[in-house]
Amino acid sequence: MSARDPVSGADPALRRSLVTPEGVDLNLRIADVGQRIGAFAIDVIIQNVILTLFVIACGLVIAALKFKNVDHVAVIMFLGAFLLRNAWFIGFELSPRGATPGKRILGLRVASRDGGRLTAEAVITRNALREVEFFLPISFIFAAGGAKGFESGLYLMLVLWTGIFLLFPLFNRDRLRAGDLMAGTWVVQAPRRRLLPDLSDADARSGFAFTDAHLDAYGVKELHVLEQVLRNGDRKTLAAVADRIRRKIGWTADAYERDDNFLAAYYAALRSRLEQRMLLGHRRKDKFDRA
Amino acid sequence: MAQPQLKSHQFRTEREWDWRRLETLLGRVESRGPKALSDDELLEAPVLYRAALSSLSVARATSLDQGLIDYLEGLCARGYFLIYGARPRIAERFVSFFAKTWPRAVLGLWKETLVSAAILALGILVGFLLVRGNPEWFYAIVGGDMSGGRDPTASAQALRQTLYDKGEGNGLSVFAAFLFTNNAQVSLFAFALGFAFGIPTAMLIAMNGASLGAMMAVFAAKGLAFEFTGWLAIHGVTELFAIVLAGAAGFKIGLAVAFPGEKGRLDAAAEAGRVAGAVMAGVVLMLMFAGLLEGFGRQLITSDVTRYSIALATGIIWLCYFYLPRKEGGLHVRS
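Because the structure is predicted, anything quoted here is derived from the model rather than measured.

S.K.: Please explain the overall build of chain B as it appears in this structure.
M.R.: Secondary structure summary: chain B contains 12 helices and zero strands in total. Counting from the amino terminus, helix and strand elements in chain B follow one another as α-α-α-α-α-α-α-α-α-α-α-α. Relative to a compact globule of 335 residues, whose C-alpha radius of gyration would be 20 Å, chain B shows 29 Å and is clearly more extended. The dimensions of chain B, computed from C-alpha atoms along their principal axes, are 105 × 45 × 45 Å. Here chain B holds 335 residues, and 50% of them are scored as buried. A separation of at least 24 residues holds for 77% of the contacts in chain B among residues at least 6 apart in sequence.

S.K.: Honestly, the interface of chain B and chain A in this entry has me stumped. Any pointers?
M.R.: Often, the extent of an interface is quoted as the loss of accessible area upon association of its parts. Listed as interface residues are 80 residues of chain B and, on the opposing side, 82 residues of chain A. Each partner contributes to the roughly 6,700 Å² buried at the junction of chain B and chain A, and carbon and sulfur atoms together form 63% of this total. Remark: the boundary between chain B and chain A carries seven salt bridges. In this structure, Asp114 of chain A engages Arg274 of chain B in a salt bridge whose closest nitrogen and oxygen atoms are separated by 3.9 Å. The interface formed by chain B and chain A holds 24 residue pairs in polar contact (both at pLDDT 80 or more) in total. Of all the elements, helix H8 (residues 172-193) of chain B adds the most residues to the side of chain B that touches chain A, at 14 residues.

S.K.: Just to check I follow, could you spell out the pairing of strand E4 (residues 185-189) of chain A for this structure?
M.R.: Residue and element names in this part refer to chain A. Burial within E4 is extensive, with five of its five residues counted as buried. Every second residue of E4 is oriented toward a common face, with Thr185, Val187 and Gln189 on one face and Trp186 and Val188 on the other, all of them buried. Across two bridges, strand E2 (residues 28-30) lies against E4 in antiparallel orientation. Looking at the pairing, Arg29 lines up with Gln189 of E4. Looking at chain direction, strand E3 (residues 108-112) and E4 are connected through five bridges and run antiparallel. Bridging from a neighbouring strand, Arg109 pairs with Val188 of E4.

S.K.: Would you take a moment to explain the packing of helix H4 (residues 90-108) of chain B against helix H5 (residues 110-133) of chain B for this structure?
M.R.: Two quantities define a packed helix pair, namely the angle between the helix axes and the distance between the axes. All names here are of chain B. Running from N to C, H4 and H5 point in directions that differ by 65°, and their axes come no closer than 5 Å. By the criterion of interaxial angle, the relationship of H4 to H5 is roughly perpendicular. Between H4, through Val106, Leu107 and Gly108, and H5, the contact on the second element is made entirely by Trp110, Glu112 and Thr113.

S.K.: Got a minute to help me understand the confidence of the model for chain A in this structure?
M.R.: Detailed reading of the predicted coordinates is not advisable wherever pLDDT is low. All names here are of chain A. On average, residues of chain A carry a pLDDT of 82, and 92% of them reach 70 or more. Of all the helices and strands in chain A, helix H8 (residues 202-205) carries the lowest mean pLDDT, 70, while helix H3 (residues 101-105) carries the highest, 92. In this model, residues 1-9 is a region of pLDDT below 50 whose contacts with residues beyond four sequence positions or in other chains number 20 contacts.

S.K.: Would you explain the environment of Ser200 of chain A in this entry?
M.R.: Tracing the chain through its elements places Ser200 of chain A in the loop between E4 and H8. Judged by relative accessible area, which is 1%, Ser200 of chain A ranks as buried. For the pair Ser200 of chain A and Leu108 of chain A, spaced 92 residues apart in the sequence, the C-alpha separation amounts to 31 Å. Once residues lying within four places of it in the same chain are set aside, the contact partners of Ser200 of chain A are Tyr267, Ala268 and Arg271 of chain A together with Gln5, Leu6 and His9 of chain B.

S.K.: Just to check I follow, could you spell out unusual backbone geometry for this structure?
M.R.: Keep in mind that most residues, glycine aside, have a negative phi and that most peptide bonds are trans. Residues and elements named next belong to chain A. A positive phi angle, near 55°, is found at Asn27, a position not held by glycine. In this fold, Asn27 is placed in the loop between strand E1 (15-16) and E2. Asn27 sits in the partly exposed class, given a relative accessible area of 23%.

S.K.: Any chance you could explain the side chain of Asp286 of chain A here in plain terms?
M.R.: All names here are of chain A. Within the fold, Asp286 resides in the segment after helix H12 (259-279). Buried Asp286, no salt bridge; nearest opposite-charge side chain is Lys221, N-O distance 4.9 Å. Reaching out from Asp286, the side chain makes a polar contact with the backbone nitrogen of Phe288 at a distance of 3.1 Å. In contact with Asp286, other than residues within four places in its own chain, are Gly219, Val220, Lys221 and Glu222.

S.K.: Would you explain the sheet that holds E4 of chain A in this entry?
M.R.: One open sheet holds the four strands; their spatial order is E1-E2-E4-E3 (chain A), and the pairing between them is antiparallel. This sheet does not close on itself; its edge strands, each paired only once, are E1 and E3 of chain A. The strands touched by helix H3 (residues 66-84) of chain B are E1, E2, E3 and E4 of chain A; relative to E2 of chain A, the strand with the most contacts, the crossing angle is about 80°.

S.K.: Mind showing me how you'd approach the domain arrangement of chain B here?
M.R.: Partitioning chain B into domains gives domain 1 (2-87) and domain 2 (95-323). Here the C-alpha centroids of domain 1 of chain B and domain 2 of chain B sit 52 Å apart.

S.K.: Sorry, what's going on with the packing of aromatic side chains here?
M.R.: Each aromatic ring pair is described using two quantities: the centre-to-centre distance and the angle formed by the ring planes. Per the stated rule, a full pass over the model turns up 34 aromatic pairs over all chains. Note on Phe210 of chain A and Tyr266 of chain A: the rings are 5.1 Å apart at their centroids and 80° apart in plane angle, and the pair reads as edge-to-face. One end of the pair, Phe210 of chain A, is in the loop between H8 and helix H9 (212-215); the other, Tyr266 of chain A, is in helix H12, with 56 residues separating them in the sequence. Residue Phe210 of chain A shares its accessibility class with Tyr266 of chain A, and that shared class is buried. Residues Phe97 of chain B and Phe98 of chain B carry aromatic rings whose centres are separated by 5.2 Å and whose planes lie at 80° to one another, so their mutual orientation is edge-to-face. In this structure Phe98 of chain B comes out as partly exposed when scored by relative accessible area, which is 31%. Cluster of aromatic residues (ring-pair linked, three or more members): Phe94, Phe97, Phe98, Trp102, Phe241, Phe289, Trp318, Tyr321, Phe322 and Tyr323 of chain B. Here the basic side chain of Arg130 of chain A rests over the ring of Phe89 of chain A, its NZ or CZ set 3.8 Å away from the ring centre. Above the face of the Phe262 of chain A ring, Arg246 of chain A is positioned so that its terminal group lies 4.6 Å from the ring centre.

The rules behind the values
- Residues numbered from 1 in each chain as written.
- Chains lettered and ligands numbered in written order.
- Predicted model: local features only at pLDDT ≥ 70, side-chain atom pairs only at ≥ 80, totals over all residues.
- Heavy atoms only, no water.
- Helix = DSSP H or I, 4+ residues; strand = E, 2+ residues; numbered from the N terminus.
- Rg over C-alpha atoms; globule rule 2.2 N^0.38 Å.
- Buried < 20%, exposed > 50% of the residue type's maximum accessible area, 1.4 Å probe, protein only.
- Contact = heavy atoms within 4.5 Å.
- Buried area = accessible area lost by both parts, 1.4 Å probe.
- Salt bridge = Lys/Arg side-chain N within 4 Å of Asp/Glu carboxyl O.
- Polar contact = N/O pair within 3.5 Å; in protein donor to acceptor, adjacent residues only side chain to side chain.
- Pairing = 2+ DSSP bridges.
- Axes fitted to C-alpha atoms, helices over the stretch in contact; angles between N-to-C directions.
- Parallel < 35°, antiparallel > 145°, perpendicular 65-115°, else oblique.
- pLDDT = per-residue confidence, 0-100.
- Lys, Arg positive; Asp, Glu negative; His and termini not counted.
- Domains from an automatic or database assignment.
- Phe/Tyr/Trp six-rings, centres within 6.5 Å; stacked < 30°, edge-to-face > 60°.
- Lys NZ or Arg CZ within 6 Å of the ring centre and 35° of its normal.

This is how it looks when you write it as structure tokens:
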């Protein structure tokens, strides 16, 4: 196995410790750049769809009023567009979920870097800075197509300079964009996880009598890999893994033994053994750990 | 051959109900806000959260079920954000924002505010002097399409008309809404530019000042300086103050990034960002007020004396509100 977390597949470089006042480390994971871009793209798309529908609706109302006394509609249109652009991120991030719809879909949320409360000031700052981070570079990039008088050297400089902000999250460990940096926030993964069934069902072990020697072949790391294999339930992998384990522990399968039954039984027995030893103070890290 | 269940399995079966209960409560708060919980449930949530945290500690020490630990980590993180991220009610936050947070944040930025105001004043002066020396400068600074006929070639009569035009009461609300959204976007931009060490912010403010000064020179050349100032000041006091504050907030974050001082750069930036964020929330409100004054007040009130009185009153009110010493340690500058 590589250095990746066998269960969640999370890159250990994304793990951050956040110790609650009760003294427990929550072991947060920060969002990676792909998730951030994805969430922002979803938000921008939703915003634009809403804006388009909104403008069409306003246009229909104006047409229905036959272009008389349409002041109110125009006011609503200006304010609505302004709110949609600015209050979308701020409003959603101040809600209890701490996330815009895009972030919700990808299981992310905004949190304060110091573990404290996410304040309104912080949310306003992180979103106001989006102006220089995103809209400024984008408008320069688009300006290139239109303006002929723009010197290409100057243009290149501007794109580079503003591009620094756009690519800012790539250059720091916590994937902070400039707004996060100023606001003291970061974006963490907070997906809603389901409680998966416990695989250590005692019935699984009946019919298989593993000796201590059989169970001493592996440690915690292998147990977690086995858990993942069982949860995925891919038949080819199951067969391959069962084969590897049988050879390693010298187990002779009888004719009716199924791979998944064998693996479930071995998982339950191995976990039982490792947990017992853990209670006595021996946590066996992996198969090379011979305490 | 019946095997005994694992201890970690028993541990999980005994507590599972509590975890699921917490999950339900969290789900309701996250989708419908704290109001979705009854009083009993509000008291229950922290207890369940602490129980889940303790389960997580125990599970890490005794269980090798990675699925369980992942679930508990996720559940506890959600609970943590709910319990420690809880904020007072909207109404209380509103009151404390206007009573404390905003004026204190503005007071804390007084140095940056002075610098920002000085840059604006300099911009106005330069714009004024340039255009007075050579009216051709007007087109370079303001741009012909922005001025709406208020350029050096306009007659005194035409200029006077733009100052006292009643606009027939039509389209005023639209104009106000447009001005507000436009100014608010520009001020947010000026603030955000501060991140680049404050230099673009200074340029933006100076440019704004210069076009104002150029405009002033056009009217002054026709002997309408007094009238123009009244026309501008009725809303301009609030609007320019707001823009100066936005610039100050931009300088604050620019300085914090460039010269973090004794603190770490990240900490200094975060602290400055919070103060600046509070200022900016208020700036948007000030601009909304200025937009209303500009859209309605300026067109409906055409007496110079009334215009000057309103301008003076708004100026005094803002200065008192931000800078007058108050009780409860309001004098302490948060820097």
